[in-house]
Amino acid sequence: MRDAFNRPLRDLRISVIDRCNFRCPYCMPKETYGDDYQFLPPADYLTFDEVTRLVRLFVAGGVTKVRLTGGEPLLRPGLAELIAALTRIPGIEDLALTTNGYLLAEHAAALRAAGLRRVTVSLDSIDEEVFARMNGLGIPIDRVLAGIARAREVGLAPVKLNAVVQRGVNDHTVLDLVRRFAGEPVAIRFIEYMDVGNRNGWDPAGVVPSAELKAAIEAEFPLHAVAAAYRGEVAQRYRIGGTATEVGFVSSISQPFCSDCSRARLSTDGHFYTCLFAWQGTDLRTPLRAGAGDAELTALLGGVWQRRVDRYSEERAEVARFTGDRQRKVEMYQIGG
């Protein structure tokens, strides 16, 4: 399937749960998501059978890469069962998981046994004080580092580390993160702070352009460009000379990549979104539970993708002038980052 700009559907991100055990300010600030916040009741989650059925249809439409996200996906009971089911779908070339790492040490072996091949851990800083502040709850970093180590032990490798960089918050710890993992077989991704959702208080002054980060890292470490693995790859990737360590930059603000975006997203409650910055999605759960056949569902999701014209990051400045006339953007924890 191709959209209105001839972009293929290749990547599917699935939020398996809308809850999280962290309260990172750029995603789920604790001031909004307190103890009394009403998340989805479990009955509204897509069941694993429903997820598997929809994934089969997406794969038939061209998807080859599937990533499980949240919220925090390891809070979803029995997640290894879903992974095992997805690994049996012909056509999936890459199945991955994004997690905050807090529960990873205890689940890593089961995830690997179920067929998961790799994992991405959100790690915004290696500095204990900064990390505790950025997760919103003062959670220490030790369990996350233990999760990373355990993932590598069981063969979930190479581990990828995602760091959202904010000026004046954690930008001063970027080099420390690289120093900590330089020489190890990990891939570090530095992500520009984005205006996802409506509640993170995004301010463009908080964005640290990737070019600035790259220059700072390159002053200490030799970086050698790595060719893109496929068209539409998000990160600009580099390898630290003489090591197995990779450093990449995701530059949605300073260098938008909408023209090659091949990502779709499926929310916890079964809505199909065609952009991380979308205002609305298409309900697949209702027709699914009403008995729709595969042909009907395929026509529905195919029609949505073929009408897709999303280019939010390329149109950000223009969109900002009339967002008041639009619905509020979907929150990141509902559709995965």
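For clarity, every value in this text was computed on a predicted model and none was experimentally measured. (Residues numbered from 1 in each chain as written. Predicted model: local features only at pLDDT ≥ 70, side-chain atom pairs only at ≥ 80, totals over all residues. Heavy atoms only, no water.)

With that settled, the discussion passes to the overall build of the protein chain. Scanning the protein chain for helices and strands turns up 11 helices and 12 strands. For a compact globule of 337 residues, the expected C-alpha radius of gyration is about 20 Å, and the protein chain comes in at 19 Å, within 12% of that figure. In the protein chain, buried positions account for 54% of the 337 residues. Long-range contacts, defined as pairs at least 24 residues apart, comprise 74% of the intrachain contacts of the protein chain with a sequence gap of at least 6. Split by element, the accessible area of the protein chain, about 14300 Å² in all, is 51% carbon and sulfur. Of the charged side chains in the protein chain, 42 are positive and 42 negative; the average position of the first set lies 4 Å away from that of the second. (Helix = DSSP H or I, 4+ residues; strand = E, 2+ residues; numbered from the N terminus. Rg over C-alpha atoms; globule rule 2.2 N^0.38 Å. Buried < 20%, exposed > 50% of the residue type's maximum accessible area, 1.4 Å probe, protein only. Contact = heavy atoms within 4.5 Å. Areas by Shrake-Rupley, 256 points an atom, 1.4 Å probe, with all protein chains shown as cover. Lys, Arg positive; Asp, Glu negative; His and termini not counted. Charge placed at Lys NZ, Arg CZ, Asp CG, Glu CD.)

Before going further, it helps to examine the environment of glutamate 315. Locating glutamate 315 in the fold gives a position in the loop between helix 9 (294–306) and helix 10 (316–319). Spatially, the C-alpha atoms of glutamate 315 and proline 256 are 9.3 Å apart, while their sequence positions differ by 59 residues.

On to the side chain of threonine 268, then. The residue threonine 268 is located in the loop between strand 10 (263–266) and strand 11 (271–273) in this model. On the basis of relative accessible area, threonine 268 is assigned to the buried category, the value being 3%. Among the polar contacts made by the side chain of threonine 268, one reaches the side chain of serine 15 at a distance of 3.0 Å. Setting aside anything within four residues of it in sequence, one finds threonine 268 in contact with Ser15, Val16, Ile17, Asp18, Leu40, Asp44, Tyr45, Leu46 and Gln334. (Polar contact = N/O pair within 3.5 Å; in protein donor to acceptor, adjacent residues only side chain to side chain.)

In contact at an axis separation of 8 Å, helix 2 (residues 79–87) and helix 3 (residues 104–114) are set at 20° when each is read in the N-to-C sense. With respect to helix 3, the axis of helix 2 lies roughly parallel. Along this stretch, helix 2 crosses helix 3, giving a crossing that reads as right-handed. Of the residues in helix 3, those in contact with Ala80, Ile83, Ala84 and Thr87 of helix 2 are Ala110, Leu111 and Ala114. Classifying every residue of the contact of helix 2 with helix 3 gives six nonpolar, one polar and no charged. (Axes fitted to C-alpha atoms, helices over the stretch in contact; angles between N-to-C directions. Parallel < 35°, antiparallel > 145°, perpendicular 65-115°, else oblique. Left-handed = near helix turned anticlockwise from the far one by under 90°. Nonpolar A, V, L, I, M, F, W, Y, C, P; charged D, E, K, R; others polar.)

Let's shift gears to the confidence of the model for the protein chain. With 94% of its residues at a pLDDT of 70 or more, the protein chain has an overall mean of 91. In this model residues 321–326 is a low-confidence stretch, pLDDT under 50, and it forms two contacts with partners more than four residues away in sequence or in other chains. (pLDDT = per-residue confidence, 0-100.)

Let us look at the nonpolar core. In terms of nonpolar packing, the biggest core is built from 103 residues, with Ile14, Val55, Leu68, Leu123, Phe181, Phe190 and Ile217 touching the most fellow members. It is helix 1 (residues 48–60) that contributes the most residues to this core, seven residues altogether. When residues no more than four places from it in sequence are discounted, the contact partners of phenylalanine 181 are Leu123, Ile126, Leu145, Ile148, Leu161, Val186, Ile188 and Thr245. (Core = buried A, V, L, I, M, F, W, Y, C linked by side-chain atoms within 4.5 Å.)

Along the chain, glycine 70 connects to glycine 71 via a cis peptide bond; the corresponding omega equals 15°. The phi angle at asparagine 6 is positive, at roughly 70°, despite the residue not being glycine. Taking relative accessible area as the criterion, asparagine 6 reaches 46% and is therefore assigned partly exposed.

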